[in-house]
Amino acid sequence: MKFPEARPRRLRENPVLRKLVSETKLSLDHLVMPYFVRAMKEEKKPIPALPGLYHYSVEGLLREVGQLMKSGVHSILLFGVPGKTDLAASEAYARNGIVQKAVRALKKEFPSLLVITDVCLCAYMSHGHCGVVEKGRVSNDPSLKLLARVAVSHAESGADVAAPSDMMDGRVRAIRRALDSRGFESLPILSYAAKYASSFYGPFRDAAGSTPQFSDRKSYQMNYANCQEAMKEIAFDLEEGADMVMVKPALAYLDVIAFARRRFSVPIAAYNVSGEYAMIRACGGLPFFSEKEMVLEILTAMRRAGAQIIITYHARQLAAWNHREKVL
Ligand code: PBG
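What counts and what doesn't
Residues numbered from 1 in each chain as written. Predicted model: local features only at pLDDT ≥ 70, side-chain atom pairs only at ≥ 80, totals over all residues. Heavy atoms only, no water. Salt bridge = Lys/Arg side-chain N within 4 Å of Asp/Glu carboxyl O. Buried < 20%, exposed > 50% of the residue type's maximum accessible area, 1.4 Å probe, protein only. Axes fitted to C-alpha atoms, helices over the stretch in contact; angles between N-to-C directions. Helix = DSSP H or I, 4+ residues; strand = E, 2+ residues; numbered from the N terminus. Parallel < 35°, antiparallel > 145°, perpendicular 65-115°, else oblique. Left-handed = near helix turned anticlockwise from the far one by under 90°. Contact = heavy atoms within 4.5 Å. Nonpolar A, V, L, I, M, F, W, Y, C, P; charged D, E, K, R; others polar. Core = buried A, V, L, I, M, F, W, Y, C linked by side-chain atoms within 4.5 Å. 1 Å grid on protein atoms, 1.4 Å probe; cavity = no way out; pocket = protein on both sides within 12 Å on 5 of 7 lines; lining within 4 Å. Points joined across faces, edges and corners; volume = space filled by probe spheres on them. Phe/Tyr/Trp six-rings, centres within 6.5 Å; stacked < 30°, edge-to-face > 60°. Lys NZ or Arg CZ within 6 Å of the ring centre and 35° of its normal.

A.B. asks: Which parts of the structure should I look at to understand the pattern of salt bridges?
C.D. replies: Once their charged atoms are close, side chains differing in charge can pair, the charge on each being opposite to the other. Taken as a whole and judged by the stated rule, the model has 13 salt bridges. Among the salt bridges present, the one from Glu-42 reaches Lys-45, with a minimum N-O distance of 3.7 Å. Its relative accessible area of 36% is what places Glu-42 among the partly exposed residues. According to the relative accessible area criterion, Lys-45 is partly exposed, its value standing at 31%. Of the charged contacts in the structure, one is a salt bridge between Lys-292 and Glu-325, with a shortest N-O distance of 2.9 Å.

Encoded structure:
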């Protein structure tokens, strides 16, 4: 059928009909809100690089997450900002580390909250790299033992999902084995499988204090020119025992999500990263832009590309908009 018999506009005239034929649905059920918990006295402190977001103490986080859950978001991704760093990232797997304390408190107060913890070393290493540094380079195999320790200590604190973000080779297997050998065989792994070396992480690094003190992360995070390599990374992580995989960042990588969606039958997470959030916030304040409409559009696009899960700093605000005016 061709024009004039075919008129695609027929299905766009009426809002109920538009919804009826809509192919993609965005819902709070698919959103994960990231939080930074920090060893500090104040309950909350604004993060200058991320307008509208805060560092929280454990107490402050409990209060905040209570609000989040009331607004309809039930999953969080937790990052820690420790009081001290060293060359073994010891606060990352300390029994009384900031993430461990926060997870225990959160799960006690909100048993139904899904707590995903970021498993990495960068915020806990004095040099800011995601692995052990030897002779000026990030050394793969010695990092695996530490990463496995981090995952186990998060699990012991009550975390629901381990999300390794370091991009060392073989970390998923190392973490899976360590978890299984300690009785955590039911704890899922969401691996940051296709994580690119991106300039969109800037505000996060400022917030987490994890900027590398020398060189960059290009020897372990992926080259943004590559998509086939992402399929290889995802296949490896699945073979090693990942239950869900992530593509990160999201906005400039929707093609990677769409490719992965067709090739793999596991849940895919899109990480709408800090720089993407900060960009939308900055534009949202200008005339001619609506922050709310932009957020709805980009998050729906991530779902359309094939992501089940969307990790986004907009989650809290979107839930609040939805509460007031039913935008979803
Ligand atoms: C830690 C980590 C980073 C992010 C998530 N986990 C930073 C990095 O790799 O430098 C970025 C998240 C964001 O920008 O929102 N490895």
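A.B. asks: Explanation requested: the packing of helix α4 (residues 140–157) against helix α5 (residues 171–181) in the structure shown.
C.D. replies: Two elements in contact, α4 and α5, have axes separated by 9 Å at closest approach and are oriented at 45°. For the element pair α4 / α5, the angle class is oblique. Where α4 crosses over α5, the two elements pack in a sense that is right-handed. Every residue of α5 that contacts α4 at Leu-144, Leu-147, Ala-148, Ala-151, Val-152 and Ala-155 is listed here: Arg-171, Ala-174, Ile-175, Ala-178 and Leu-179. Considered class by class, the residues forming the contact of α4 with α5 number 10 nonpolar, no polar and 1 charged.

A.B. asks: I'm lost on the nonpolar core in this one. Help?
C.D. replies: For soluble globular proteins, nonpolar side chains are generally found buried alongside one another. With 118 residues, the main nonpolar core has Phe-36 and Leu-78 as its most contacted residues. Excluding residues that lie within four positions of it along the chain, Leu-78 makes contacts with Tyr-35, Val-37, Leu-61, Val-99, Ala-102, Val-103, Leu-106, Val-115, Ile-116, Thr-117 and Asp-118.

A.B. asks: What is the right way to read the layout of surface pockets from this model?
C.D. replies: If you roll a probe as big as a water molecule over the atoms, it shows you where there is empty space left. Its volume calculated, the largest pocket comes out at about 580 Å³. Take the lining of the largest pocket: its biggest share by element is 7 residues, from helix α10 (residues 291–305). For the lining of the largest pocket, a count of residues per class yields 9 nonpolar, 3 polar and 8 charged. As a volume, the second largest pocket reaches approximately 340 Å³. Lining the second largest pocket are 21 residues, and of these Gly-52, Tyr-54, Tyr-56, Glu-64 and Arg-316 lie nearest its centre. Among the elements of the structure, β1 (31–38), β3 (54–56), α2 (58–70), α9 (274–284) and α11 (315–325) are those that each provide at least two residues to the lining of the second largest pocket. Tallied by class, the residues present in the lining of the second largest pocket amount to 11 nonpolar, 4 polar and 6 charged.

A.B. asks: So what exactly am I meant to see when it comes to the environment of His-129 here?
C.D. replies: Its location among the elements puts His-129 in the loop between β5 (114–119) and β6 (132–134). Since its relative accessible area comes to 1%, His-129 is described here as buried. Along the chain, His-129 and Met-279 lie 150 residues apart, while their C-alpha atoms are 25 Å from each other. The contacts of His-129, once residues within four sequence positions are left out, are Leu-121, Cys-122, Val-138, Pro-212, Phe-214, Asp-216, Arg-217 and Tyr-220.

A.B. asks: Is there a simple way to think about the packing of aromatic side chains in this case?
C.D. replies: Geometrically, a pair of aromatic rings is defined through the distance of the ring centres and the angle of the planes. Summed over the entire model, instances satisfying the criterion amount to 10 aromatic pairs. Taking 6.5 Å as the distance between ring centres and 5° as the angle between the ring planes, the aromatic pair formed by Phe-36 and Tyr-313 counts as stacked. A residue pair is termed long-range when its members are at least 10 positions apart, and Phe-36 in strand β1 and Tyr-313 in the loop between β12 (309–312) and α11 qualify at 277 residues. Its relative accessible area of 2% is what places Tyr-313 among the buried residues. Among the aromatic residues, those joined into a ring-pair cluster are Phe-36, Phe-79, Tyr-192, Phe-204, Tyr-271, Tyr-277 and Tyr-313. Taking NZ or CZ as reference, Lys-44 lies 4.1 Å from the ring centre of Tyr-54, over its face. Stacked on the ring of Tyr-271, the Lys or Arg Lys-248 has its end atom at 4.8 Å from the ring centre.

A.B. asks: Looking at this model, I keep getting lost on empty space enclosed by the protein. Mind explaining?
C.D. replies: One pass over the full model with this rule turns up 3 cavities of 30 Å³ or more. Lining of the largest cavity is provided by 15 residues; of these, Cys-122, Ser-165, Lys-195, Phe-204 and Lys-248 occupy positions nearest its centre. Among the elements of the structure, β9 (190–195) and α6 (202–208) are those that each provide at least two residues to the lining of the largest cavity. Considering only residue class, the lining of the largest cavity consists of 7 nonpolar, 3 polar and 5 charged. In this structure, the second largest cavity spans a volume of roughly 100 Å³.

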